[in-house]
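Spelled out, the chains give:
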Amino acid sequence: MKANTDKGISQKVRYSFIKILTGSDLSRKRLPFMSIESVNSGPVVWLTGCIHGDEVTGIVTIQEVFKTLQKQPLVKGSLYAFPLMNPIGFEAASRNITISREDLNRSFPGSKSGSLAQRIADKIFTTIKQTKPSLVLDLHNDWVKSIPYTVIDPNPGQPHKQAYEKAKAAAEKSGFLVILDNDVVEESLSFSLLRHDIPALTIELGESYVVNERNVEYGMKSVLDILAYLGMVDKPEETFSFGLPEVVKGKTLRFSTEPFSSASGVIRFLAKAGDVVKKGQAVAKIYNTFGKLQDTIVCISDGIVLGHSDSSVAFPGAPVMAFGVF
Ligand SMILES: [Zn+2]
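Residues numbered from 1 in each chain as written. Predicted model: local features only at pLDDT ≥ 70, side-chain atom pairs only at ≥ 80, totals over all residues. Heavy atoms only, no water.

Trainee: An account of the packing of helix H1 (residues 57-71) against helix H6 (residues 213-229) is requested, with residue identities and associated values reported.
Mentor: Put simply, H1 and H6 touch, their axes get as near as 9 Å, and they point 55° apart. With respect to H6, the element H1 is oriented oblique. H6 is crossed by H1, and the crossing has right-handed handedness. From H1, Thr57, Val60, Thr61, Glu64, Val65, Thr68 and Leu69 reach across to H6, where they touch Asn215, Val216, Gly219, Met220, Val223, Leu224 and Leu227. (Axes fitted to C-alpha atoms, helices over the stretch in contact; angles between N-to-C directions. Helix = DSSP H or I, 4+ residues; strand = E, 2+ residues; numbered from the N terminus. Parallel < 35°, antiparallel > 145°, perpendicular 65-115°, else oblique. Left-handed = near helix turned anticlockwise from the far one by under 90°. Contact = heavy atoms within 4.5 Å.)

Structure follows, in structure tokens:
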């Protein structure tokens, strides 16, 4: 623990752990925990990363935000972080918790006596909830070929309206394209937080598996802008804005992975992440092994390509591309 005094502003920085599991070899698995607390009371914000073990950009983004805040201390409030929520999956570069094969982001709010994922989720959720946060930013990664964007969960209903509206307002300050999710993912971290009246949103920072330095920089700037919006840091000289085509700038779009493939075969993509597309436009073609066309994926709405699948393998019902649609 150290105090950082600069221009009369002081804060405590702390790095510690929360135990989650003792392995059969008696090794300990722990949740690394980071905190910066200003002496001036203010909003509490959480950053969470690597809930999916192969989504590594959030870990580094959180490290960079903390480094920045040690040079430019918080004006007020507290920033907390779980940079590596799924250390077991991370070590195997796997989305799920490998030893139980569970998706941690489908295990919230968790349970002390539940499955392994639910027990880890419970530790994360109760720790976050105890701090009564103003906002939780959950950092993820998407397909290898994808643009970064911010996701807002579906409206959790009237009783949780305030948390939902606050999450939406913060998303507008992220500098990324804002996408409304269609489907409720009941047991995700962000949706569970909203249902407990805690504003939460997801930031997808481009591709999984390998840290993309450009997306780290975008993520860091986005987080700092959101902290500035909450009055926790001084406003940066320049507000971050991810370079988007004019037609989608400032718009809130809806997430869609339709249409799905209707056939098996090899996918050849005709559009790439970040391309603006029109209703009726062909964006991918699926051929059988002899080169005979089996299906053409055609946009069902105007929008932008968020990304396309990590492989060129098609089968009936397989999502081929993700779109933000008007
Ligand atoms: Zn994820």
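Trainee: Tell me about the sheet that holds strand S17 (residues 313-314), residues and numbers included.
Mentor: Taken together, the 4 strands give an open sheet; going across it, the order is S15-S14-S12-S17, and neighbouring strands pair in antiparallel fashion. Both edges of this open sheet fall to strand S15 (293-298) and S17, since each of them pairs with a single strand only. As defined by bridge partners, strand S12 (residues 265-269) adjoins S17 across 2 bridges and the pair is classed as antiparallel. The residue bridging glycine 265 from the neighbouring strand is alanine 314, located in S17. (Pairing = 2+ DSSP bridges.)

Trainee: Can you explain the pattern of salt bridges? Please cite residues and give values.
Mentor: Applying the stated rule across the entire model yields 10 salt bridges. With a closest N to O distance of 3.1 Å, glutamate 64 and lysine 67 form a salt bridge. Taken together, the residues glutamate 64 and lysine 67, both in helix H1 and 3 residues apart, mark about one turn of the helix. Residue lysine 67 is classed as partly exposed on the basis of its relative accessible area, which comes to 45%. Here glutamate 246 and lysine 249 are joined by a salt bridge, their closest N and O atoms 3.2 Å apart. (Salt bridge = Lys/Arg side-chain N within 4 Å of Asp/Glu carboxyl O. Buried < 20%, exposed > 50% of the residue type's maximum accessible area, 1.4 Å probe, protein only.)

Trainee: Could you give an account of unusual backbone geometry, naming the residues involved and the relevant values?
Mentor: Residue proline 109 is bonded to the preceding phenylalanine 108 through a cis peptide linkage, with omega at 5°. By secondary structure assignment, the location of proline 109 is in the loop between helix H2 (87-90) and helix H3 (116-130). Between glutamate 258 and proline 259 the backbone carries a cis peptide bond, its omega angle lying at 0°. Along the chain, proline 259 turns up in the loop between strand S11 (252-256) and S12. The backbone of leucine 26 sits at a positive phi, close to 70°, despite the residue not being glycine. In this structure, leucine 26 sits in the loop between strand S2 (9-22) and strand S3 (28-38). Owing to a relative accessible area of 67%, leucine 26 belongs among the exposed residues under this scheme. In this model, cysteine 50 sits at a positive phi of 55°, which is unusual for a non-glycine residue. The topology assignment puts cysteine 50 in the loop between strand S4 (44-49) and H1.

Trainee: Before we move on, can you summarise the nonpolar core with the specific residues and values?
Mentor: In this structure, Leu69, Leu79, Leu177 and Leu227 are the most contacted members of the largest nonpolar core, which totals 49 residues. In contact with leucine 69, other than residues within four places in its own chain, are Gln11, Ile36, Leu74, Leu79, Leu224, Leu227 and Val233. In this structure, Met85, Ile120, Phe125 and Leu193 belong to the second largest nonpolar core, which totals 25 residues. (Core = buried A, V, L, I, M, F, W, Y, C linked by side-chain atoms within 4.5 Å.)

Trainee: I'd like a description of the coordination of the zinc ion, backed by residues and values.
Mentor: At the metal site, the zinc ion is ligated by His52 (ND1), Glu55 (OE), Glu55 (OE) and His140 (ND1), and these contacts range over 2.1 to 2.5 Å. Metal-centred angles of 56 to 150° between the 4 donor atoms at the zinc ion mark the site as irregular. Read in sequence order, the donor residues coordinating the zinc ion give the pattern H-x2-E-x84-H. Here the residue glutamate 55 occupies a position in the loop between S4 and H1, and histidine 140 occupies one in strand S6 (residues 135-142), the gap between them amounting to 85 residues. The exposure classification of glutamate 55 matches that of histidine 140, with both residues buried. (Donors = N, O, S within 2.8 Å, 3.2 Å for Na, K, Ca; no water. Tetrahedral: all angles 85-135°; square planar, octahedral: opposite > 155°, others 65-115°.)

Trainee: If you had to explain a nonpolar patch on the surface to someone new, which residues and values would you point to?
Mentor: Together, Val144, Tyr209 and Val210 make up an exposed nonpolar region whose accessible area comes to about 290 Å². In this structure, tyrosine 209 sits in the loop between strand S10 (200-207) and H6. Since its relative accessible area comes to 47%, tyrosine 209 is described here as partly exposed. (Patch = residues over 30% accessible without salt bridge, like charges linked within 9 Å, V, L, I, M, F, W, Y side chains within 5 Å. Areas by Shrake-Rupley, 256 points an atom, 1.4 Å probe, with all protein chains shown as cover.)

Trainee: Any chance you could break down the pairing of S6 for me, citing the residues and the numbers?
Mentor: Of all 8 residues in S6, 8 are buried; the element is thus mostly enclosed. Burial of the side chains of S6 extends over both faces: Leu135, Leu137, Leu139 and Asn141 are buried on one face and Val136, Asp138, His140 and Asp142 on the other. By the bridge criterion, 5 bridges tie S4 to S6 in an arrangement that is parallel. Counterpart to glycine 49 in the pairing with S6 is leucine 139. Where S6 lies against S10, 6 bridges are found, and the strand directions are parallel. Residue pairing in the sheet places leucine 137 in a bridge with leucine 201 of S10.

Trainee: So what about the packing of aromatic side chains? Which residues, and what values?
Mentor: Following the criterion strictly, the structure yields 11 aromatic pairs and no others. A ring pair is formed by phenylalanine 33 and tryptophan 46, whose centres lie 5.7 Å apart and whose planes are at 45°; its orientation type is tilted. Placement of phenylalanine 33 in strand S3 and of tryptophan 46 in strand S4 is noted, with a sequence separation of 13 residues between them. In this structure, phenylalanine 33 and tryptophan 46 share a single accessibility class: buried. Centre to centre, the rings of phenylalanine 108 and phenylalanine 125 are 6.2 Å apart; their planes meet at 50°, and the pair counts as tilted. Remark: phenylalanine 125 occurs in helix H3 and phenylalanine 108 occurs in the loop between H2 and H3; sequence separation between them is 17 residues. No difference in accessibility class separates phenylalanine 108 from phenylalanine 125, as the two residues are buried. (Phe/Tyr/Trp six-rings, centres within 6.5 Å; stacked < 30°, edge-to-face > 60°.)

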